[in-house]
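Structural overview
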Amino acid sequence: MTQPQVESGKLVVFSGPSGAGKTTVVRGVLQQCRLPLVLSISATTRPPRPAERDGVDYHFLSEQQFHTRRRRGEFLECFRVFDGGHWYGTLKSEVDAALAAGKWPVLEIDVQGALAVMERHPDALTFFIQPGSAKELERRLRGRATEDEDAVRRRLACARDEIALADRYRFQITNDRVDHAVDQICHILNQEAEKHTYAR
Ligand code: 5GP
């Protein structure tokens, strides 16, 4: 498939509460969109889940490794996510390498991280993925067998806090159907690519 002519990349950011289906939507966009999108691999101190691979899903770092890199200023943003749990961060190297190659780095990060990125990259294309409904969000969170009741409650509270900041994003997408959400996002990205090309 031919890709639209775009000479330099743009930063694309996705956030949304846990349980909104964000990862599935982002995966769909990466597969379907004809722009040169490339997923930025974050660093984290969270241990890998079964089937997760270092350097593919995340750069898995010890606390010490993470903070050494933090002190060296290697992160575009980094935060503790979920109740002061594990650290997560976007490496500048991931984003800069993609932009320099004319690609569009895609970040899937929490709201605190996204707000920090917006300050440094005000022209970033930021998307907030909303769950279909509050009921649907709770159903999805409860459906995750790994979550105990306390964790579900914490995630619901965290989701409400994140949703309260949704209007800071340039685009809000409701994920009531994954294929619709993916189509809408790809359409917006293609429009932005055209604007970007014509502006040159
Ligand atoms: P998980 O541990 O389920 O992969 O991710 C937990 C949360 O961390 C998700 O909300 C995800 O978007 C967020 N996250 C993943 N990578 C980063 C990152 O580099 N920076 C920030 N701020 N959040 C991240």
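In what follows, the accompanying structure is described. (Residues numbered from 1 in each chain as written. Predicted model: local features only at pLDDT ≥ 70, side-chain atom pairs only at ≥ 80, totals over all residues. Heavy atoms only, no water.)

Pairing within the open sheet is parallel, and its 5 strands lie in the order β2-β7-β1-β8-β9. Looking at strand neighbours, the two that pair on one side only are β2 (37-39) and β9 (171-175), the edges of this open sheet. The average undirected angle you get between the axes of adjacent strands in this sheet is 25°. Those strands touched by helix α1 (residues 22-32) are β1 (12-15), β2, β7 (104-108), β8 (125-131) and β9, and its axis lies near 170° from that of β7. On top of the sheet, helix α4 (residues 111-120) reaches β1, β7 and β8; it is set at about 155° to β1, its chief contact. (Pairing = 2+ DSSP bridges. Helix = DSSP H or I, 4+ residues; strand = E, 2+ residues; numbered from the N terminus. Axes fitted to C-alpha atoms, helices over the stretch in contact; angles between N-to-C directions. Contact = heavy atoms within 4.5 Å.)

For alanine 51, which is not a glycine, the phi torsion comes out positive at approximately 80°. Residue position: alanine 51 is located in the loop between β3 (43-44) and β4 (59-60). Given a relative accessible area of 77%, alanine 51 falls into the exposed group. (Buried < 20%, exposed > 50% of the residue type's maximum accessible area, 1.4 Å probe, protein only.)

Near the ligand there are 15 residues, and of these Ser42, Arg46, Tyr58, Tyr88 and Asp110 occur at the shortest range. Here the ligand has 510 Å² of accessible area as a free molecule, and 90% of this is covered by the chains. When residues in the shell around the ligand are grouped by element, the largest group, 3 residues, is from strand β6 (residues 87-91). Looking at the shell around the ligand residue by residue, the class counts come to 5 nonpolar, 4 polar and 6 charged. (Near = heavy atom within 4 Å. Areas by Shrake-Rupley, 256 points an atom, 1.4 Å probe, with all protein chains shown as cover. Nonpolar A, V, L, I, M, F, W, Y, C, P; charged D, E, K, R; others polar.)

Among the nonpolar cores identified, the biggest contains 22 residues, and Phe14, Val29, Leu37, Phe127, Ile185 and Leu189 are the most heavily contacted of them. Elements with a contribution of two residues or more to this core: β1, α1, β7, β8, β9 and α7 (178-198). If you tally residues by element for this core, the top one is α7, at 7 residues. Excluding its chain neighbours within four sequence positions, the residues that come into contact with leucine 37 are Val12, Val29, Leu30, Trp104, Val106 and Leu189. Among the nonpolar cores identified, the runner-up in size contains 15 residues, and Leu11, Val95, Ala124 and Ala166 belong to it. (Core = buried A, V, L, I, M, F, W, Y, C linked by side-chain atoms within 4.5 Å.)

What follows concerns the sheet that holds β4. The 4 strands are arranged β4-β3-β6-β5 in an open sheet whose pairing can be described as mixed. One side of each edge strand has no neighbouring strand; the edge strands of this open sheet are β4 and β5 (75-80). Contacts between helix α3 (residues 92-100) and the sheet are confined to β4, β5 and β6, with β6 contributing the most and set at about 25° to the helix.

What follows deals with the state of the cysteines. With the rule as written, the count across this model stands at 0 disulfides. Sulfur of cysteine 158: no disulfide; nearest cysteine sulfur belongs to cysteine 78 and is 17 Å away. Accessibility expressed as a relative area gives 25% for cysteine 158, which makes it partly exposed. You can see cysteine 186 has no disulfide; the closest cysteine sulfur is in cysteine 33, sitting 4.4 Å from it. Overall, the relative accessible area of 6% leaves cysteine 186 in the buried class. (Disulfide = S-S within 2.5 Å.)

So, about the environment of arginine 46. Position of arginine 46 relative to the elements: it lies in the loop between β3 and β4. For the pair arginine 46 and tyrosine 58, spaced 12 residues apart in sequence, the C-alpha separation works out to 9.4 Å. Once residues within four sequence positions are removed from consideration, arginine 46 is found in contact with Glu52, Tyr58, Phe60, His86, Trp87 and Tyr88. Side-chain polar atoms of arginine 46 contact the side chain of tyrosine 88, separated by 3.3 Å. (Polar contact = N/O pair within 3.5 Å; in protein donor to acceptor, adjacent residues only side chain to side chain.)

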